[in-house]
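Topology and contacts: notes
One-letter residues, chain by chain:
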Amino acid sequence: MKKKVFLCWVLGSLMVSTLFSQAHLPGLSDYQGFLKSKTLVVLENNLLSDFNAGIKEAMNNSWSITPFEFISRSEFNQYARDSHYSFLMVTVASFNKDRTEASYNFLSLLRGGRGGSVVNMPDLCSLPLAYERTEDDGYSYKLEAFLRFIQSHVQLMMDSPELIGDNSLKYYNKNIFDLKGKTLYLTKEDLAPEIDTYEEIRKVYPHPFKIVAREKIARAIAEKERDVVFLHKVGPEKTRLKARVYKILIGAADPVFYYFEYDMVRKASDDAFQLKDLKRIR
């Protein structure tokens with residue numbers, strides 16, 4: 001993801017406007033340097049946030065690629081210019097090419113240095129978490145799965161540097177064909193009205209699936225159920241129209257994306273996993 005030179009503090013997170021700046025793209029040397037770094041996990045200002053509790057537990061359970069410690073937002077500037085450090089943090093991004101004012105929370109892995117500015121730091125991996133105005137309890141229980149994926153993604157970029165670029169997450173759509181051996185977990189609130197029942201999905205999707213509560217997904221992630229893939233949907237959640245809605249299918253245990261796509265919301269019912277998404281993955 002490419003981001004431009006515009007930075008301010010917003011709601012405890014770093015705001016980065018996206019205008020396709022080359023400075024933000026990593027190179028192979030940035031990934032290699034990351035492996036020698038210490039990762040500083042930047043906590044949100046709200047110490048009671050679901051993100052803070054979730055990221056602490058997830059890091060302790062699943063982060064093994066680098067040594068790490070937790071720091072506050074106020075401590076970030078002390079370390080930002082030092083390339084011996086990397087940062088895992090929430091950034092807020094908007095996309096000028098979308099011609100909207102929509103902003104999104106991303107979980108970003110950045111390498112320190114390049115003037116100490118987030119907008120210039122090499123972005124090793126950024127995953128959409130939620131639309132900026134929505135609550136973090138919609139994704140905090142998924143953080144351990146995200147961390148497993150980020151570590152795997154870093155290794156893939158090192159093994160296959162030709163994949164490095166701002167569309168590298170699209171690469172994982174090749175894994176769609178492996179879904180037939182998995183059980184797809186979906187939550188009813190993330191499904192479009194025409195596919196929000198078992199009977200409607202079964203008409204289109206021939207592989208195993210379940211419509212489950214969030215707690216069932218959290219348990220599958222914690223217990224590393226290898227046959228489970230779950231949906232992560234990011235959209236404006238009725239707070240606005242004309243925004244992106246991301247649809248990601250990720251393994252509960254496998255650090256793999258099986259589907260990565262986004263569309264623009266034009267009407268409220270677009271903010272969902274759609275019939276067309278089911279048809280793409282069947």
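Residues numbered from 1 in each chain as written. Predicted model: local features only at pLDDT ≥ 70, side-chain atom pairs only at ≥ 80, totals over all residues. Heavy atoms only, no water.

Brief notes about the overall build of the chain
Scanning the chain from terminus to terminus reveals 7 helices and 12 strands. Whereas a compact globule of 282 residues would reach a radius of gyration of roughly 19 Å, the chain reaches 18 Å, a difference of no more than 12%. A burial count over the chain gives 59% of its 282 residues as buried. Look at the contacts in the chain between residues 6 or more apart in sequence, and 66% of them connect residues 24 or more apart. Surface accessibility of the chain: about 12,300 Å² in total, with carbon and sulfur atoms responsible for 49%. Each charge sign in the chain was given a centre, from 40 positive and 36 negative side chains, and these centres are 5 Å apart. (Helix = DSSP H or I, 4+ residues; strand = E, 2+ residues; numbered from the N terminus. Rg over C-alpha atoms; globule rule 2.2 N^0.38 Å. Buried < 20%, exposed > 50% of the residue type's maximum accessible area, 1.4 Å probe, protein only. Contact = heavy atoms within 4.5 Å. Areas by Shrake-Rupley, 256 points an atom, 1.4 Å probe, with all protein chains shown as cover. Lys, Arg positive; Asp, Glu negative; His and termini not counted. Charge placed at Lys NZ, Arg CZ, Asp CG, Glu CD.)

Regarding the sheet that holds strand β12 (residues 257-264)
Strand order across the open sheet formed by 5 strands is β9-β8-β10-β11-β12, with mixed pairing between neighbours. Looking along the sheet, the strands with just one partner apiece sit at the ends: β9 (209-211) and β12. Across the sheet, the mean angle separating the axes of adjacent strands is 20 degrees when strand polarity is ignored. Across 3 bridges, strand β8 (residues 183-186) lies against strand β10 (residues 228-234) in parallel orientation. Pairing of Tyr185 across the sheet is with Phe230, part of β10. With respect to the sheet, helix α4 (residues 143-159) is in contact with β10, β11 (244-251) and β12, its orientation differing from that of β11 by roughly 80 degrees. (Pairing = 2+ DSSP bridges. Axes fitted to C-alpha atoms, helices over the stretch in contact; angles between N-to-C directions.)

Some thoughts on the pattern of salt bridges
Per the stated rule, a full pass over the model turns up 16 salt bridges. Close ionic contact of Asp30 with Arg111 constitutes a salt bridge, the shortest N to O distance being 3.3 Å. Note that Asp30 is positioned in helix α1 (residues 28-35) and Arg111 in strand β6 (residues 103-111), a separation of 81 residues in sequence. Classification of Asp30 as buried rests on a relative accessible area of 7%. (Salt bridge = Lys/Arg side-chain N within 4 Å of Asp/Glu carboxyl O.)

Re the pairing of strand β7 (residues 123-131)
Of all the 9 residues making up β7, 9 are buried; the element is thus mostly covered by neighbouring parts of the structure. Of the strand pairs in this sheet, β6 and β7 are connected by 7 bridges, and their pairing is antiparallel. Opposite Phe106, over in β7, you have Pro128 as the bridge partner.

With respect to the side chain of Arg244
Structurally, the position occupied by Arg244 is in strand β11. With a relative accessible area of 3%, Arg244 lands in the buried category.

Quick notes on the pairing of strand β4 (residues 68-71)
Judged from the 4 bridges that link them, strand β3 (residues 38-42) and β4 form a sheet pairing that is parallel. Across the sheet, residue Val42 finds its bridge partner in β4, namely Ile71. The parallel pair β3 and β4 is bridged by helix α2 (residues 50-62), and the resulting crossover is right-handed. (Right-handed = clockwise from strand over helix to strand, strands pointing away.)

What is shown is where atoms sit, not what they do.
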